[in-house]
Structures are given as structure tokens and as C-alpha cells.
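# Chain and residue survey
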Amino acid sequence: MSQTLKETLRLHLQKSYSAQDLKQWFDPLRLELSEEEKRLSVGFPHSFFAKWFSDSIQDRFEQELHQFLGTGYVLHYGHSSNTQAEAHAQDNDGKSIDFPFGHQFTFESFLTNKKNFFPLTTAREVAKQKDIIFNPFIVSGEAGSGKTHLLKAVANEVCKKFNPERVFFGNMEDLYNLYHGHFGGDAFAARKHICKFRFLFVDEFQQIRKYNNFQSELITLFNHFYDHKQQMVFCCSDKLPSYEFLDPKLKSRLEWGLIVNLKRPDLDIRVRTIEQYCRVKTISLTREQVLTLAQRFTDLRFLQGILLKFYAYKEFVNKAFTDNDFEQILSQTAGTAKKHIRPDVIMDTICEHFEVERKDLVGSRRHHQVVQARQVAMYLCRELIGSSYPALGRMFGNRDHSTALYAVKKINKLQSTNSEMKNLLSVLKKKCLSKA
């Protein structure tokens, strides 16, 4: 990587690290980038530095690199004394730095303390995939405890070693709809498709209660994944023994694995979550305001929804928060735990603006206005919700993830050069955020 490009990366990192931090760990690095091969080589001054970097900085560094470089890059580590060829020989496969399920969902950003130390530690072990020890691995916990974050963190880490195309990620409703929607009820074809995946991640497992007749098919899937040492990771809202609606055969199989329970985040974690969000989004809240939010709201999802409103205020009003602004925003939300922005809200907003039908937005029509509406909708789902590219593909008519990636990149590039598009996105964001 040229010195100029390294300086550009340093500017990017300054949003999250102090000048002293960067001087300590970033400046000593030697970086060589091959755009053609999408390969980044990172050299360390000596082995002691490499060990310290691996233990302290590496996960966050890779997350920042993904945001800076984009998708498809492979990372290679080595000592500065090594030649590039030797470094390549030492680590021929390299390490992917893609985060297909959202760059914000990492172990590094999963804030916890001793209370949830065991679930986090075992999740990291599952993600290493040295051996299939815990299969299935099941994370339970109340709403807002961080289950989905942990599930996506495992999936993102797995994708550093395995092709994301080999990972199925969705909730129980997605899995059911795959059988009865995409494959039109052809259980054999759907089963054959699912069994090709190396990893099966299913969120909201308790939704199986709505599809009682689907439990026998889950037993079949379970047997295949277990017998072939293909990893299963599930999330559910309560402890499995409380699910009286489960088929005894399915329930007993689920108990073969490891079940961990996430406790609700305490005050310390809520404070750190708010501070982390404010740092990333450059929102200026006083210590007293941070504590007020952390003490008043215990549900992380609800808390993130409120922080989204503060972000919207900063983006569109563009002035520092006064105490009156702070209290006014809280008064509009207190007591009503609104949900995150749903994809449906964004799609409806786009359809209304572009005057297109929802069926066209997710369909195959290639009319210019429909295509642009679809691409803008994908971009906003990525920007406001953090939807992964595979999830975007599924949302918009079971398209390939590469189509979603192209759409997001195109709109992002267009808004950087076209003021009309930039203004349009600003207006549409505001409309979507107002419906959160």
C-alpha cells in the first residue's frame, strides 16, 4: 500500500482511535495492497508485537479494514523482515475480512461483562471451527439481550474461513417460507438445497410453534447436519425445557448440544453500548445524558431505537443537543418501545415515492424507474438496518447477494457525485426514520 493510501486509512481510523493509540499500534505496521488480487499484506516489526496485536487489536482492525476497503479482500499477516513471497508461503490461504451479516456484528462490538462471559466464550469457540464440539449451539435469552448480535458475530467469523455461500442465515419463518414459497412445497427439493450448506443459522427458533407440521422436517434436517458434522446454531427467546409445544424427538436432539443463556444487559453494559454508538455516529451526549438513557431503558433494542432518533436529529437538524432537545426526544419515545425500522417500511416509502408496486420492487421488471427504485431500497435497507447482502437478495425476490452488492455500491457512488441523488436519499432517510 502506498504511503498516501496508508495515510488515508489512518484518517479513517481516527474516527474510532486517538492519535496516541494509532501511534502505538498502527504506525509500526507495514502494509502492501494488491488491488488486482484484492490482497492486503500486513507486516509486524517483530513477533512480540504480532502476538500483542493478535490478542488486543486484530478483530477491531479487520472490522475497520472491511469498512474501508469493501468486500472481497483477503488479509495476510507476517513479519516486516519477511519478503512478500515468504509471507504468502507462510499463509497461502489468507484470511477473508468480509462481514456479510453486517460489519457492526462482531465479537469485538458485543459488549458484555462477567455475567455473560460463558455465552461469549463458547460462541467464540464455535466460530473457530477447529472441531465440531457443540452441535447444535443454542443461544437463549429475553428480547433485547443480544442473541441476534451474537448469532451474526459467529456467522461473520465463520465467513472469514469459509465461503459465505455455504452459510444459511435466517429466522424460522425464512426457513419455512423457503420450503413453501421458493420451492412451492416440494420438501425434497428444499431439503436438498438446505443440506448443501455447511452452516445452518436459525434465529427466532421459537417461531416453530406457528408451524407445528414442520417439526418432522426439522428432525430430518437435524439428523443430516449432525451426522455430517455440519454446524447448527440456533437462537430462541426462552429456555428450551419451557417449550412444551416441541416434538419430544426434536426437543431431545436439541438438548444434545450446548445451550447457553444470555442475561439482560446491566447498567454498565448499557452505558458502554450508548458510548460506543455515539462514538461511531459522532453524537455528542453528556455523561449525565448517557446515564439517563442507560437507567431509563433496559431493553437494548429499544435503546438502539432511541439512539437512532438522536442520530436522525444530528443528521437533519445538524446542531448540538441542548438539554431541551434531549428531553423533547425522550418525551416522544418514553413508554412506547418502538421497533427497529422494518424492511417493509422502507419498501413502502420507496414505492410511494417512485410510484411503483411492491410486486415490481421484488419482481423481475427491468424498467429504468423500477430498477432505480429497487436499488435505492436495497441501499437504504443496508444503510438504516444493516441488512447483509445475502439477506437483501432474499428480501428482493431471492436475488443473488452479488446483485445486492452491486446495487448498494452503485447508489453509494452515485450519491457522492450527484447532488440530486444525495438530496433524495436524505429525504427518503428522513421519511423512513420518522416511521421508526
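Every value quoted in this text rests on a predicted model; they were computed, and no experiment measured them. (Residues numbered from 1 in each chain as written. Predicted model: local features only at pLDDT ≥ 70, side-chain atom pairs only at ≥ 80, totals over all residues. Heavy atoms only, no water.)

## So, the overall build of the protein
When its secondary structure is counted, the protein shows 21 helices and 9 strands. Counting across all 436 residues of the protein, residues that qualify as buried make up 50%. Considering only intrachain contacts with a sequence separation of at least 6, the fraction spanning at least 24 residues in the protein is 71%. With an accessible surface of roughly 21700 Å², the protein has 49% of that area assigned to carbon and sulfur atoms. (Helix = DSSP H or I, 4+ residues; strand = E, 2+ residues; numbered from the N terminus. Buried < 20%, exposed > 50% of the residue type's maximum accessible area, 1.4 Å probe, protein only. Contact = heavy atoms within 4.5 Å. Areas by Shrake-Rupley, 256 points an atom, 1.4 Å probe, with all protein chains shown as cover.)

## Things to note about the nonpolar core
Counting 54 residues, the largest nonpolar core has Ile-274, Leu-285, Leu-293, Phe-310, Ile-350, Leu-361 and Val-376 as its most contacted members. Per-element accounting of this core gives the leading share, 10 residues, to helix H14 (residues 300–316). By size, the runner-up hydrophobic cluster in this structure holds 29 residues, among which are Phe-197, Phe-214, Leu-218 and Leu-221. (Core = buried A, V, L, I, M, F, W, Y, C linked by side-chain atoms within 4.5 Å.)

## Looking at the sheet that holds strand E5 (residues 137–141)
Across the sheet, 5 strands lie side by side as E6-E7-E8-E5-E9; this open sheet has parallel pairing. Edge strands, defined here as strands with exactly one partner in the open sheet, are strand E6 (167–171) and strand E9 (258–262). Pairwise comparison of adjacent strand axes, ignoring direction, gives a mean angle of 15° for this sheet. When E6 meets strand E7 (residues 199–203), the two strands line up parallel, connected through 5 bridges. Paired with Phe-169 across the bridge in E7 is Phe-201. Taken strand by strand, helix H7 (residues 147–158) contacts E5, E6, E7, strand E8 (231–236) and E9, and its axis lies near 165° from that of E7. (Pairing = 2+ DSSP bridges. Axes fitted to C-alpha atoms, helices over the stretch in contact; angles between N-to-C directions.)

## Some details on unusual backbone geometry
Of note, the bond from Asn-135 into Pro-136 is cis; its omega dihedral lies within 30 degrees of zero at 5°. The topology assignment puts Pro-136 in the loop between helix H6 (117–128) and E5. If you check the backbone angles, Glu-204 has positive phi at about 55° while not being a glycine. Looking at the secondary structure, you find Glu-204 in the loop between E7 and helix H10 (215–227).

## Comments concerning the pattern of salt bridges
A full pass over the atoms with the stated rule returns 9 salt bridges. Of the charged contacts, one joins Lys-128 and Glu-125 as a salt bridge, the two residues approaching to 3.6 Å between their closest N and O atoms. Of this pair, Lys-128 and Glu-125 both sit in helix H6, 3 residues apart, which is roughly one turn of the helix. Owing to a relative accessible area of 39%, Lys-128 belongs among the partly exposed residues under this scheme. On the accessibility criterion, Glu-125 (31% relative accessible area) is partly exposed. Notably, a salt bridge pairs Asp-360 with Arg-365, separated by 3.4 Å at the nearest N-O pair. When its relative accessible area of 14% is taken as the criterion, Asp-360 is described as buried. Overlapping salt bridges bring together Asp-344, Asp-348 and Arg-358 as one network. (Salt bridge = Lys/Arg side-chain N within 4 Å of Asp/Glu carboxyl O.)

## Digging into the packing of aromatic side chains
This structure, assessed with the given rule, holds 23 aromatic pairs. Residues Trp-25 and Phe-26 carry aromatic rings whose centres are separated by 5.9 Å and whose planes lie at 80° to one another, so their mutual orientation is edge-to-face. Ring-pair connections join several aromatic residues into one group, and the members of that group are Tyr-17, Trp-25, Phe-26, Phe-44, Phe-49, Trp-52, Phe-53, Phe-61 and Tyr-77. The cationic tip of Arg-198 hangs over the ring face of Phe-162; the distance from NZ or CZ to the ring centre is 5.4 Å. Seen from the ring of Phe-168, Arg-394 lies directly overhead, with NZ or CZ sitting 6.0 Å from the centre. (Phe/Tyr/Trp six-rings, centres within 6.5 Å; stacked < 30°, edge-to-face > 60°. Lys NZ or Arg CZ within 6 Å of the ring centre and 35° of its normal.)

## Structural notes on the side chain of Gln-207
Among the secondary structure elements, Gln-207 is positioned in the loop between E7 and H10. In this view, Gln-207 contacts Asn-171, Met-172 and Glu-173; residues no more than four positions away in its chain are not counted.

## Here we look at the environment of Ala-127
Along the polypeptide, Ala-127 turns up in helix H6. Residue Ala-127 is classed as buried on the basis of its relative accessible area, which comes to 1%. Taking the C-alpha atoms as reference, Ala-127 lies 8.6 Å from Asn-156; in sequence the two are 29 residues apart.

## A look at H10
If you check H10, its first and last C-alpha atoms are 18 Å apart, about what 13 residues at 1.5 Å a residue would give, namely 18 Å. Within the sequence span of H10, burial applies to Gln-215, Glu-217, Leu-218, Ile-219, Leu-221, Phe-222 and Phe-225. Packing partners of the buried residues in H10 comprise helix H8 (172–182), helix H9 (187–195), E7, E8 and helix H11 (248–254). Of the residues trailing H10, Lys-229 is marked for its positive phi of about 55°. (Expected span 1.5 Å × (residues − 1).)

## Some words on the side chain of Asn-116
On the secondary structure map, Asn-116 appears in the loop between strand E4 (95–96) and H6. Ignoring any residue separated from it by four or fewer positions in sequence, one finds Asn-116 in contact with Asn-261, Leu-262 and Lys-263.

## Examining the packing of H8 against H9
Contact geometry for H8 and H9: axes closest at 8 Å, N-to-C directions at 135°. Here H8 lies oblique to H9, going by the angle between them. Counting all contacts with H8, which are made through Leu-175, Leu-178 and Tyr-179, the residues of H9 involved are Ala-187, Ala-190, Arg-191, His-193 and Ile-194. By residue class, the composition of the contact of H8 with H9 is 6 nonpolar, 1 polar and 1 charged. (Parallel < 35°, antiparallel > 145°, perpendicular 65-115°, else oblique. Nonpolar A, V, L, I, M, F, W, Y, C, P; charged D, E, K, R; others polar.)

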